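# Fold and geometry: a report
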Amino acid sequence: MSISLEKGQRISLEKNGSGLNKVCIGINWGAIEKKGFFGTKKVAVDLDASIGMFDDQKALMDVIYFGQLASKDGSITHSGDDTTGDMDGDDGLDNEIISIELNRVPANVKSVAVVLNSYRGQDFATIPFASIRLYEGTPSRVDNIIASYNIANEPKFNGAVSMVLGVLYRHNTEWKFRAIGEPTADKKLEPLLKTTASDFL
């Protein structure tokens, strides 16, 4: 199931006749270089990956983010807040990872939305090698990348500080994924989740 999704594409998270269970969202980014009178200095960047869990009426049921590192039911966990990014260049590793066990997500959850925001309001376009991806595997093992976005190099993210990666959703008895990859005008997580519910679910 080696798939690179484009905006709007939908796929079934089925593999060899059974649904995938463990998927992760990983984000990677670097520090911003600022040139000044006394030379160049590195400025820390705080990107935050978050999850919104919604019912079939688009009501928000739970949020997983740096302030709540696990869903109430334990099906989704967050690796913790990285407030700096890679200060010494790209180490090839994700700075924050959210793990989802789809088989454990409560039956009354219809959609699991994946969002990203820049906590200090730093423009995505200014953040070195900023990227976000959804993949099959675990925090220590990437088996297959399902969808990924190079935020730093895609012009549509210029001027934005928040975006929606995509939505995992139930269709009958199976999970599917819809790639979105859209920036929004929101500045903080709460309005970003409201926009996600109204525009993308």
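The model shown is predicted, which means the values in this text are computed figures rather than measured ones.

Secondary structure assignment for the protein chain yields one helix and 15 strands. Taking the principal axes of the C-alpha coordinates as reference, the protein chain spans close to 60 × 30 × 30 Å. Looking at the protein chain as a whole, 49% of its 201 residues are labelled buried. Across the protein chain, contacts joining residues at least 24 apart in sequence account for 66% of those joining residues at least 6 apart. Of the roughly 9500 Å² of accessible surface on the protein chain, a fraction of 48% belongs to carbon and sulfur atoms. With 22 positive and 27 negative side-chain charges, the protein chain shows a spacing of 3 Å between the two charge centroids.

Let us now look at the nonpolar core. In this structure, I51, I100 and I132 are the most contacted members of the largest nonpolar core, which totals 40 residues. The element that contributes the greatest number of residues to this core is strand β7 (residues 47-54), accounting for four residues. With sequence-adjacent residues up to four places away left out, I51 is seen in contact with I25, D62, V63, I64, I76, I98, I100, V112, A113 and V114. Within the second largest apolar cluster, 13 residues are counted, among which are F54, V63, V167 and L189.

Whether parallel or antiparallel, the strands of a sheet pair through hydrogen bonds between backbone atoms. If you trace the five strands from one edge of the open sheet to the other, you get β9-β10-β4-β12-β13, paired in antiparallel fashion. Every interior strand has two partners, whereas the edge strands, β9 (76-78) and β13 (141-150), have only one. Adjacent strand axes in the sheet meet at a mean angle of 20° when their direction is disregarded. Inspection of the sheet shows strand β4 (residues 22-28) paired to strand β12 (residues 131-138) by six bridges, in the antiparallel sense. Note that in β12 the partner of V23 across the bridge is E136.

The next subject is unusual backbone geometry. The backbone of K58 sits at a positive phi, close to 70°, despite the residue not being glycine. Checked against the element boundaries, K58 lands in the loop between β7 and β8 (60-64). With a relative accessible area of 40%, K58 lands in the partly exposed category. Positive phi is not limited to glycine here, since F129 has a value of about 40°. As for its position among the elements, F129 is in the loop between β11 (111-118) and β12.

Considering every residue of the protein chain, the mean pLDDT works out to 89; 93% of them sit at 70 or more. Per-element confidence in the protein chain is highest for β8, whose mean pLDDT is 98, and lowest for strand β3 (residues 18-19), whose mean pLDDT is 59.

Bringing the pairing of β12 into the picture now. Along any regular strand the residues' side chains alternate between the sheet's two faces. For β12, the tally of buried residues reaches six of eight residues, placing the bulk of the element in the interior. Examined bridge by bridge, β12 and β13 share eight bridges and lie antiparallel to one another. Paired with E136 across the two strands is N144, which belongs to β13. Taken together, β12 and the strand that follows it, β13, pair antiparallel across an intervening segment of two residues.

Quick look at the pattern of salt bridges now. Applying the stated criterion across every chain, the model contains six salt bridges. The partner of D143 in a salt bridge is R141, and the shortest N-O contact between them spans 2.7 Å. Residue D143 is classed as partly exposed on the basis of its relative accessible area, which comes to 40%. Between K194 and E190 there is a salt bridge; the shortest N-O distance is 3.8 Å. Here the residue K194 and the residue E190 both occupy positions in helix α1 (residues 189-200), the gap between them amounting to four residues, near one helical turn. Here the two residues K194 and E190 agree in accessibility, since each one is exposed.

Reading guide: rules and limits
Residues numbered from 1 in each chain as written. Predicted model: local features only at pLDDT ≥ 70, side-chain atom pairs only at ≥ 80, totals over all residues. Heavy atoms only, no water. Helix = DSSP H or I, 4+ residues; strand = E, 2+ residues; numbered from the N terminus. Buried < 20%, exposed > 50% of the residue type's maximum accessible area, 1.4 Å probe, protein only. Contact = heavy atoms within 4.5 Å. Areas by Shrake-Rupley, 256 points an atom, 1.4 Å probe, with all protein chains shown as cover. Lys, Arg positive; Asp, Glu negative; His and termini not counted. Charge placed at Lys NZ, Arg CZ, Asp CG, Glu CD. Core = buried A, V, L, I, M, F, W, Y, C linked by side-chain atoms within 4.5 Å. Pairing = 2+ DSSP bridges. Axes fitted to C-alpha atoms, helices over the stretch in contact; angles between N-to-C directions. pLDDT = per-residue confidence, 0-100. Salt bridge = Lys/Arg side-chain N within 4 Å of Asp/Glu carboxyl O.

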